[in-house]
Amino acid sequence: MSEPVTPLVKGLFITLRYLFQKKVTVQYPEQKRTYPERFRGRHQLTRHADGSERCVGCELCAQACPSGAIRVVAAENDPDHPHSPGERYGATYEVNMIRCIFCGFCQEACPTGAVVLTPFNELAEYRRDPLTYEKPRLLVPRKEEAR
Amino acid sequence: MINLTIDGRQTSVPEGTLVLHAARELGIDIPTFCHHARLLPFGACRMCLVEIEKAPKLQTACTTVVSEGMVVRTDTEQVRLTRQSVLEFLLANHPLDCPVCDKGGECELQDLTHRWGAPASQFREAKNRKGKALPFGPFIVMDEERCILCQRCVRFDQEVLGEGGIGLMGRGFRTRVGTFQGRPYDTPFSGNVVDLCPVGALTSRPYRFRARPWDLTSVASTCLHCSVGCAARLDARENHWVRLRGADDPAVNQGWLCDRGRYGFGFAASPERLTAPQLRRGGKLAATSWEEALDRVVQALREAGPDRVGIIGGGRLTDQEAALLHHLGRQVLGTAHLDRRAGRQLTATPHLAGGTLEDLDRAAHIVLIGCDPEETAPVLALRVRQALRRGTPVTELGPWQTYGPGHAWIPPSRWLPAVGSTATALAGLREELAGQDQPVVLVWSGEDAAVHDELARWRQAMPGARLLIVGDQPNARGAEAAGLLPGSGGRSTPELLAAAAAGDLQVLYLVGVNPALSFPDGALVREALEKVPFLVVQDLFATESARSAHALLPVAAWSEKTGSWSNLEGRHRPLAALTPAPENLPDDGGIFRELIRRLGGEVSAPLPAPAPPAAAAAYPLSTPPAAEGLRVATVELTYSGGGTVLHAPALSPVLPEAWVTLHPEEAARRDLAPGQVVELSCGDSRLTLSVRTSAQVAPGLALVPRRLPHSPDNLLTEGAAVALTPVPRKEVLP
């Protein structure tokens, strides 16, 4: 009779032990974890110190992307009101977050350090279309705009 | 044959072969930058250096000619290190801005650096700075920092164009490629230097930052802008046509293109393009469904009966579509009133031995009859330029001289007043050349019935003569072969228009033609289009001829359909679809098929072959009156015409303004200065034009460009006397 009972008691003992240990889960929406600095979450298009966009629209991120999640269309800078230093800037920049596998190859491919993955990862939506992030949502706001 | 050894492999090649070509024949790759198959050996870039036994130093494979017993090595350590050093040197001042460079991804410098370059440069000094994004010409942007001074563009300009518009400026590390006196590089062939540039120094303005090479889907097709039929590669990004490049067809364009062909593609994406069929209701054109539009057309065709229907056009269709149109007209509708011609040209099919473009290279004499190939068939003109460089005599017969003083020119002033026709001048030339049976190539515009008859006499007098007729529509020759000419008892275009003006025609069907602009008798064509009870216009755009249309049928552009056509030699040219047609837009063939079906006909494959039309069916145009004083002459320009040229945004900087060109003496006699605005009056018609002067225009003529929508030349009667009155300049307040 004692044979079948021993494992059950052992199992319950483990449960009991964990009950008094420190919890690993958090109460998610109310409580949030801090992620490591290099966590690969949502993309961001960064700016130079002078506020100009880093992206030059070279499409190397789109080329490096293994899931084809990025679409870039470049355009020529208006010399009087340039978006970025030099002749070319990324006029359209779209990341399809449903396709993205957050591998970070885009960041690695970027020659100007324009696209970076941020720790932000709360991307859930009720519909598909807002999950294609366009440039206004990806680009870091200018400092004065952020204030 | 010369025997030599390359990398231990024996080969024998014809005398005069370059080491580079002998190696490539064996499949041994020698990297090059300045070498180009269509340019002369040059040896500027030093990338092709190879070891040759008994030579004290490395030799350039692209300029060294093979010799008996030569032993070449391309696979040694010394050659590899040399390539590495040459690349390091070429990159010493190269900005390495590949991410923003349009050439990135298809750059020869990039590719060869990946293959042969050193991982890092030994140069630590600051790079030499030069001009970036400089305007080079109407279509070209120059980046001097990226240039590796291979001089392909300079050599193209000298060897192929013979113009000398580009050269090296400055010395030493300041050397750069520039244009003569800094003028814009505005030759009609300027785009070719972009194809030639092995780096991103010369790039196209219309393609600037539009795509990267890996975004593109390409098809091998042909350019359907003129009757030469240049081989081309069409590139699209996300179903938008972004680029057209030359492809090397040795018998046709040898890789070259004119700027109209290269940069004229914007029409396909023009917002002006018709997107839905339109029917006239209550005096206004309104969009409708295809069902309704075709029903209305079919009803009109049925009601009219075969004898009161006329079809004009077909030279812009593919051969297959032309055959369908012929079937629709002749068999299904049973009409003989079919004519592809809509301008001055009476035939595009030679009635003596037909020439080829390559015949121009072998010609002993070239005669240009009322035809300026530089304007109407630019890539053909490149062969004429080559012939001139070889010293082949070229005789021009027409109102203006293209090839400048020093070449034979029979201007109308030498034949018009005395005898009254080009044909007489041509007959004089025939008598001059008779007896010396040489390969003469005649390039004709296909205009003037008297010239047609005179050319028939050349057949007996000069059996070696070859005729090339530059079609006024790209597939003029294919349309004629498909039978789109009036049959027996059928009316030709002038007769159809006269019948329409007289009220003898019920339905006029225009297929891809714009006679309101192209037909020489402007008053007649306007009256005809106004009066015809039912006018069907099938075109890409609402042209001048479509203003009074009752049914307007939009179609797919040539980049959106697949088929084949025939160029001016009658050579088969393929056409491949690059992008799908806009939604709900059939191609011309689709419309013909549907009309045939609705009219109760059948499209059986193969269609019955057309009966060969009588040689150059009659084309009765009114003959110009013999006038005294200043007479009107018209000239076709590369960029004249409506449709595709007007709606290609890239071409807007080069579109011609309305001008009248006079001989300087004529201008001086009338006290007119170049740039002055004059009113040209001829009968009841008036045109306001700006004056130009050129000694290359025959005295006694007022030369006016044809087919300009804002200044229609067909309001004037060619050959009629004109008066010029200066228009007082309006006072402009500062």
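What counts and what doesn't
Residues numbered from 1 in each chain as written. Chains lettered and ligands numbered in written order. Predicted model: local features only at pLDDT ≥ 70, side-chain atom pairs only at ≥ 80, totals over all residues. Heavy atoms only, no water. Helix = DSSP H or I, 4+ residues; strand = E, 2+ residues; numbered from the N terminus. Rg over C-alpha atoms; globule rule 2.2 N^0.38 Å. Buried < 20%, exposed > 50% of the residue type's maximum accessible area, 1.4 Å probe, protein only. Contact = heavy atoms within 4.5 Å. Areas by Shrake-Rupley, 256 points an atom, 1.4 Å probe, with all protein chains shown as cover. Lys, Arg positive; Asp, Glu negative; His and termini not counted. Charge placed at Lys NZ, Arg CZ, Asp CG, Glu CD. Axes fitted to C-alpha atoms, helices over the stretch in contact; angles between N-to-C directions. Parallel < 35°, antiparallel > 145°, perpendicular 65-115°, else oblique. Nonpolar A, V, L, I, M, F, W, Y, C, P; charged D, E, K, R; others polar. pLDDT = per-residue confidence, 0-100. Pairing = 2+ DSSP bridges. Phe/Tyr/Trp six-rings, centres within 6.5 Å; stacked < 30°, edge-to-face > 60°. Lys NZ or Arg CZ within 6 Å of the ring centre and 35° of its normal. Left-handed = near helix turned anticlockwise from the far one by under 90°. Core = buried A, V, L, I, M, F, W, Y, C linked by side-chain atoms within 4.5 Å. Domains from an automatic or database assignment. Polar contact = N/O pair within 3.5 Å; in protein donor to acceptor, adjacent residues only side chain to side chain. Patch = residues over 30% accessible without salt bridge, like charges linked within 9 Å, V, L, I, M, F, W, Y side chains within 5 Å. Salt bridge = Lys/Arg side-chain N within 4 Å of Asp/Glu carboxyl O.

Student: Could you give an account of the overall build of chain A, with specific residues and numbers?
Tutor: In terms of helices and strands, chain A carries five helices and five strands. Along chain A, from the amino end to the carboxyl end, the secondary structure elements read α-β-α-β-β-α-β-β-α-α. Here the C-alpha atoms of chain A give a radius of gyration of 23 Å, more than 25% beyond the 15 Å that 2.2 N^0.38 yields for 147 residues. In terms of overall dimensions, chain A has a C-alpha envelope of 90 × 35 × 30 Å along the principal axes. Classification of the 147 residues of chain A by burial places 31% in the buried group. Contacts in chain A between residues far apart in sequence, at least 24 positions, make up 71% of those at least 6 positions apart. Accessible area for chain A stands at about 10400 Å²; split by element, carbon and sulfur atoms hold 56% of it. Side-chain charges of chain A comprise 21 positive and 18 negative groups, with the mean position of each set lying 10 Å from the other.

Student: Provide a residue-level description of the packing of helix H4 (residues 152–161) of chain B against helix H11 (residues 378–390) of chain B, including the pertinent values.
Tutor: All names here are of chain B. Axis separation between H4 and H11 bottoms out at 8 Å; the angle between their running directions is 75 degrees. Overall, the two elements H4 and H11 adopt an arrangement that is roughly perpendicular. Of the residues in H11, those touching H4 at Gln158, Glu159, Val160 and Leu161 are Leu382, Arg385, Gln386 and Arg389. In terms of residue class, the contact of H4 with H11 is made up of three nonpolar, two polar and three charged.

Student: Got a sec to walk through the confidence of the model for chain B? Specific residues and values, please.
Tutor: Across chain B, the average pLDDT comes to 92, with 96% of residues at 70 or higher. Model confidence for the complex: the whole-complex pTM is 0.92, and ipTM, which rates the interface, is 0.86.

Student: Now, about helix H18 (residues 588–598) of chain B: what can you tell me, with residues and values included?
Tutor: All names here are of chain B. Within the sequence span of H18, burial applies to Asp588, Gly589, Ile591, Phe592, Leu595, Ile596 and Arg598. Buried residues in H18 make contact with helix H7 (290–304), helix H8 (319–333), strand S23 (507–511), strand S24 (534–539) and strand S25 (551–554). Downstream of H18 by one or two residues, Gly600 has phi in the positive range, about 85 degrees.

Student: Break down the sheet that holds strand S18 (residues 365–369) of chain B for me, citing the residues and quoting the values.
Tutor: Residues and elements named next belong to chain B. Sheet architecture is open: five strands sit in the order S20-S19-S18-S21-S22, paired in parallel fashion. Looking along the sheet, the strands with just one partner apiece sit at the ends: strand S20 (408–410) and strand S22 (466–469). The mean angle between the axes of side-by-side strands here comes to 15 degrees, regardless of whether they run parallel or antiparallel. Relative to S22, strand S21 (residues 440–444) is paired through four bridges, and the arrangement is parallel. Across the sheet, the residue bridging to Leu442 is Leu467, located in S22.

Student: I'd like a description of the packing of aromatic side chains, backed by residues and values.
Tutor: Going through the model one piece at a time under the given rule, you end up with eight aromatic pairs over all chains. Each ring, one from Trp241 of chain B and one from Trp558 of chain B, has its centre 5.3 Å from the other, and the planes form 85 degrees; the classification is edge-to-face. Of this pair, Trp241 of chain B sits in strand S13 (residues 240–246) while Trp558 of chain B sits in the loop between S25 and strand S26 (563–566), and the two are 317 residues apart along the sequence. A relative accessible area of 7% places Trp558 of chain B in the buried class. Members of the aromatic cluster, joined through ring pairs, are Trp241, Phe265, Phe267 and Trp558 of chain B. The ring centre of Tyr133 of chain A lies 3.9 Å from the NZ or CZ of Arg137 of chain A, which sits over that ring. We note Arg83 of chain B situated over the ring of Trp116 of chain B; from NZ or CZ to the ring centre the distance is 4.3 Å.

Student: Please provide a residue-by-residue account of the packing of H7 of chain B against H18 of chain B, values included.
Tutor: Residue and element names in this part refer to chain B. Viewed as axis vectors pointing N to C, H7 and H18 meet at an angle of 60 degrees, and their least axial separation amounts to 10 Å. Classified by the angle between their axes, H7 and H18 sit oblique to one another. As H7 runs across H18, the sense of the crossing is right-handed. Taken together, the residues of H18 that come into contact with H7 (itself represented by Trp290, Glu291, Leu294, Asp295, Val297, Val298 and Arg302) are Ile591, Glu594, Leu595 and Arg598. Residues of the contact of H7 with H18, tallied by class, amount to six nonpolar, no polar and five charged.

Student: Report on the nonpolar core, specifying residues and quantitative values.
Tutor: Grouped burial of nonpolar side chains is what soluble globular proteins tend to show. Residues and elements named next belong to chain B. Val228, Trp241, Leu328, Leu360, Leu380, Val443 and Tyr509 are the most contacted members of the largest nonpolar core, which totals 78 residues. No other element matches the eight residues that H7 contributes to this core. Two domains each put at least three residues into this core: domain 2 (278–343 + 476–598) and domain 3 (357–469). The residues touching Leu380, leaving out its near neighbours within four places in the chain, are Val228, Leu357, Leu360, Pro373, Val443, Leu468, Val470 and Leu568. Core analysis: the next-biggest nonpolar cluster, separate from the first, contains 44 residues, Leu112, Cys153, Val160 and Tyr263 among them.

Student: Quick one: what's the story with the side chain of Arg430 of chain B, residue by residue and with numbers?
Tutor: Residue and element names in this part refer to chain B. Structurally, Arg430 can be placed in helix H12 (residues 422–433). Under the relative-accessibility criterion, Arg430 is labelled buried at 15%. Within the structure, Arg430 has its side chain in polar contact with the side chain of Glu454 (distance 2.6 Å). In this structure Arg430 touches Glu454, Arg457, Trp458 and Ala461, once residues within four positions along its chain are discounted.

Student: For the pairing of strand S19 (residues 394–397) of chain B, give the residues involved together with the corresponding values.
Tutor: All names here are of chain B. Of the two faces of S19, the one lined by Val394 and Glu396 and the one lined by Thr395 and Leu397 are each fully buried. Both S18 and S19 contribute to a ladder of four bridges, which runs parallel. What sits directly across from Ile369, in S19, is Leu397. The pairing of S19 with S20 spans three bridges and is classified as parallel. Considered in S20, the bridge of Glu396 is made with Trp409.

Student: For the sheet that holds S25 of chain B, give the residues involved together with the corresponding values.
Tutor: Residue and element names in this part refer to chain B. Across the sheet, seven strands lie side by side as S15-S14-S25-S24-S23-S16-S17; this open sheet has mixed pairing. Edge positions in the sheet fall to strand S15 (284–287) and strand S17 (338–339), since each has one partner strand and no second. Where strand S14 (residues 278–281) and S25 come together, two bridges link them in antiparallel fashion. The residue bridging Gln278 from the neighbouring strand is Leu552, located in S25. Packed onto the sheet, H8 meets strand S16 (309–313), S17 and S23 and runs at close to 165 degrees relative to S16.

Student: Residues and numbers for the domain arrangement of chain B, please.
Tutor: Split by domain assignment, chain B resolves into domain 1 (2–75), domain 2 (278–343 + 476–598), domain 3 (357–469) and domain 4 (630–732). With centres defined by C-alpha atoms, the gap from domain 2 of chain B to domain 3 of chain B works out at 33 Å.

Student: Summarise a nonpolar patch on the surface; cite the residues concerned and give the values.
Tutor: Residue and element names in this part refer to chain A. There is a patch of nonpolar side chains on the surface, built from Val5, Leu8, Val9 and Leu12 and spanning about 370 Å² of accessible area. Position of Leu12 relative to the elements: it lies in helix H1 (residues 2–19). Using a relative accessible area of 54% as the deciding quantity, one classes Leu12 as exposed.

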